[in-house]
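Survey of secondary and tertiary structure
Listed here are the chains, written in short residue letters.
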Amino acid sequence: MKLYNLKNYCEQVDFLKAVKMGLGKKQGLFFPIDLPIIPKNQLEEIIEMDFLTRSIKILSMFIGNEIKINDLTKYVHNAFSFSKPRIIPVTKNISCLELFHGPTLAFKDFGARFMAQIISHLNKNNDITTTILTATSGDTGAAVAHAFYKIKNVKVIILYPKGKISKLQESLFCTLGENITTIAINGSFDECQELVKKAFNDEKLKKKTGLNSANSINISRLLAQVCYFFEAYALLSKENRKKLIISVPCGNFGNLTAGLLAKSMGLPIQSFIAATNINNTVPRFLKSRKWKPYNCISTISNAMDISRPNNWPRVEELFSRKKWNLNTLGFGSVSDQITTETLLKLKNIGYISEPHAAVAFQLLEKKVKEDEFGLFLGTAHPSKFKDVVENVLDIKIKLPKKLKKPSKLPILSHYMKPNFEKLKTFLK
Ligand SMILES: *Cc1c(COP(=O)(O)O)cnc(C)c1O
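Here is what the cut-offs are and how they apply
- Residues numbered from 1 in each chain as written.
- Predicted model: local features only at pLDDT ≥ 70, side-chain atom pairs only at ≥ 80, totals over all residues.
- Heavy atoms only, no water.
- UniProt positions renumbered as here; feature names shortened; annotations may be inferred.
- Helix = DSSP H or I, 4+ residues; strand = E, 2+ residues; numbered from the N terminus.
- Buried < 20%, exposed > 50% of the residue type's maximum accessible area, 1.4 Å probe, protein only.
- Contact = heavy atoms within 4.5 Å.
- Areas by Shrake-Rupley, 256 points an atom, 1.4 Å probe, with all protein chains shown as cover.
- Lys, Arg positive; Asp, Glu negative; His and termini not counted.
- Charge placed at Lys NZ, Arg CZ, Asp CG, Glu CD.
- Near = heavy atom within 4 Å.
- Polar contact = N/O pair within 3.5 Å; in protein donor to acceptor, adjacent residues only side chain to side chain.
- Nonpolar A, V, L, I, M, F, W, Y, C, P; charged D, E, K, R; others polar.
- Pairing = 2+ DSSP bridges.
- Core = buried A, V, L, I, M, F, W, Y, C linked by side-chain atoms within 4.5 Å.
- Axes fitted to C-alpha atoms, helices over the stretch in contact; angles between N-to-C directions.
- Right-handed = clockwise from strand over helix to strand, strands pointing away.

In the nomenclature of an unreviewed UniProt entry, the chain corresponds to Threonine synthase from the organism Buchnera aphidicola. Under Cofactor (unreviewed entry), UniProt gives the following word-for-word description of the chain: "pyridoxal 5'-phosphate". According to UniProt, the comment filed for the chain under the heading Pathway (unreviewed entry) is "Amino-acid biosynthesis; L-threonine biosynthesis; L-threonine from L-aspartate: step 5/5."

Structural data, given as structure tokens:
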């Protein structure tokens, strides 16, 4: 598989290199040169495969012979070794695609776990050590920590703002130990990110420690996510497949990019809705064609509090490569007030959700027509946003085992001032 840098077509790398590098020169994203297509007469056969077999097929169509099929098979089995996505009917013609039955109860488990397998493959062949350094305000840290837990030749260091993430979230990734180190920074999330950036700009340090950020721009995470769009389609009745609209709650737009890649391969999805909270740079862009990010605003769907979504250039590139019209992409942004009302509405229908999925449902319900079928992505388990959900819905949420167990373990984090020299010493 060959990929090019969106900021410089001449910088071309293979898949493993792109996974290792994350970004190309000038912080450019990597994008596949060849976009695989499933011949129409093979689609049915692929849809009928089970989730793992089909996922191996899809990933191998992208990755090609760079990874032997026996290895890829093993990696997909290791990565997706948890409950499959589920489809839960919500209204007559709208269902939720629940992607939160993995170890950290968020869809990010799919991408992070597959990436961990690829990194471990890279290290196996080269006998090198990788240091995953990442900053988190919640979900990413947990998914990455669990994905790389006990993976050989990989050290994980996660920075997070002390006291600014929920106890529940903290317990999910700061209690693991082994190769997972967590550092509570006495500062804001932005300061954590600043430290990570500085580390990546320090070429010497980068080389010495084999730094990789494992963030959502990594191509391996995106490709893994393509697989569950196929699974969603496979789970639907023939009738509901015909006019399928998928609404995606967007932050960095990785999930939407993955869905569009699935469509580009020939999966018959009629259209997508890019759903955001009030951090609505993309919806405003789609309306006015002017790119004007505002300062980021805190909302109750905080995993989507991003005003400069870094996967967006990939969406534009795909539309341009496929000669699709950007006007066919649905969009909208939802305030906290409406998100709250939607959570209540969903509860009355009989479905307990959480703020991110509620944003996607709200726009979908507004746009889906009688004769169409809508899916909205459930990106996290309601218990991960326990405080908001309990407060809004006036209910008590029972913690799933996956959250309850770590919540009783001691926090193993180190503490540090937001000082780069200190971090540098620590990394060495
Ligand atoms: C990360 C995240 C999102 C946003 O996904 P992107 O791929 O960054 O657009 C949405 N919901 C939840 C719960 C998340 O953790």
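1. Here we look at the overall build of the chain
From N to C terminus, the chain includes 19 helices and 14 strands. Along the first, second and third principal axes, the C-alpha set of the chain runs to 60 × 50 × 40 Å. With 428 residues in all, the chain has 58% of them scored as buried. Long-range pairs, those at least 24 residues apart, make up 74% of the contacts in the chain with a sequence separation of at least 6. For the chain, the accessible surface area stands at approximately 18800 Å², while carbon and sulfur atoms represent 50% of it. Both charge centroids of the chain, one from 63 positive and one from 36 negative side chains, sit 4 Å from each other.

2. Digging into the site of the ligand
Surrounding the ligand, one finds 15 residues, the nearest of these being Lys108, Asp139, Gly251, Asn252 and Phe253. Here an oxygen atom of the ligand sits 2.8 Å away from a polar atom, N or O, in the main chain of Gly251. Relative to its unbound accessible surface of 380 Å², the ligand loses 97% to contact with the protein. Each residue belonging to the shell around the ligand can be placed in one class, and the counts come to 7 nonpolar, 6 polar and 2 charged.

3. Structural notes on the UniProt feature "domain: Threonine synthase N-terminal" (unreviewed entry) in the chain
According to UniProt, the positions carrying the feature "domain: Threonine synthase N-terminal" (unreviewed entry) are residues 11-80. As a span, residues 11-80 carries 57% helix and 10% strand, and end to end its C-alpha atoms are 32 Å apart.

4. Here we look at the pairing of strand 5 (residues 94-98)
Among the 5 residues of strand 5, 5 are classified as buried, and the element is accordingly described as predominantly covered. A two-sided burial pattern is seen for strand 5, the buried positions comprising Ile94, Cys96 and Glu98 on one face and Ser95 and Leu97 on the other. With 5 bridges connecting them, strand 4 (residues 86-91) and strand 5 associate as antiparallel partners. Pairing of Ile87 across the sheet is with Leu97, part of strand 5.

5. As for the nonpolar core
Phe15, Phe148 and Leu256 are the most contacted members of the largest nonpolar core, which has 101 residues in total. In terms of residue count, helix 10 (residues 219-235) provides more of this core than any other element does, 11 residues in total. Sequence-distant contacts of Phe148, defined by excluding residues within four places in its chain, comprise Ala112, Met115, Ala116, Ile119, Ile132, Val154, Val156, Asn179, Ile180 and Ala214.

6. Re the sheet that holds strand 1 (residues 2-5)
Here we have 3 strands laid out as an open sheet, ordered 2-1-3, and antiparallel in their pairing. This sheet does not close on itself; its edge strands, each paired only once, are strand 2 (8-14) and strand 3 (30-32). Going from strand to strand, the sheet's axes swing by 40 degrees on average, the running direction of each strand aside. In this structure, strand 1 lies alongside strand 3, joined through 3 bridges in antiparallel fashion. By the bridge assignment for strand 3, Tyr4 is matched with Phe31. Contacting strand 1 and strand 3, helix 14 (residues 312-322) crosses the sheet at an angle of about 25 degrees to strand 3.

7. Thoughts on the sheet that holds strand 6 (residues 130-135)
Ordered by their spatial adjacency, 5 strands build an open sheet running 9-6-7-8-14, and the pairing between neighbours is parallel. Two strands bound the open sheet, and with one partner strand each, they are strand 9 (211-212) and strand 14 (414-416). In this sheet, strand 7 (residues 154-161) lies alongside strand 6 in parallel orientation, the contact comprising 6 bridges. In the strand pairing of strand 7, Thr130 is matched with Val154.

8. A few points about the pairing of strand 6
Judged by how many residues are buried, strand 6 sits mostly within the fold: 6 of 6 residues are covered. Side chains of strand 6 alternate between two faces, with Thr130, Ile132 and Thr134 and Thr131, Leu133 and Ala135 buried alike. As for the winding sense of the linkage, the β-α-β connection from strand 6 through helix 6 (residues 139-148) to strand 7 is right-handed. As judged from the 2 bridges shared by strand 6 and strand 9, these two strands associate in the parallel manner. By the bridge assignment for strand 9, Thr131 is matched with Leu211.

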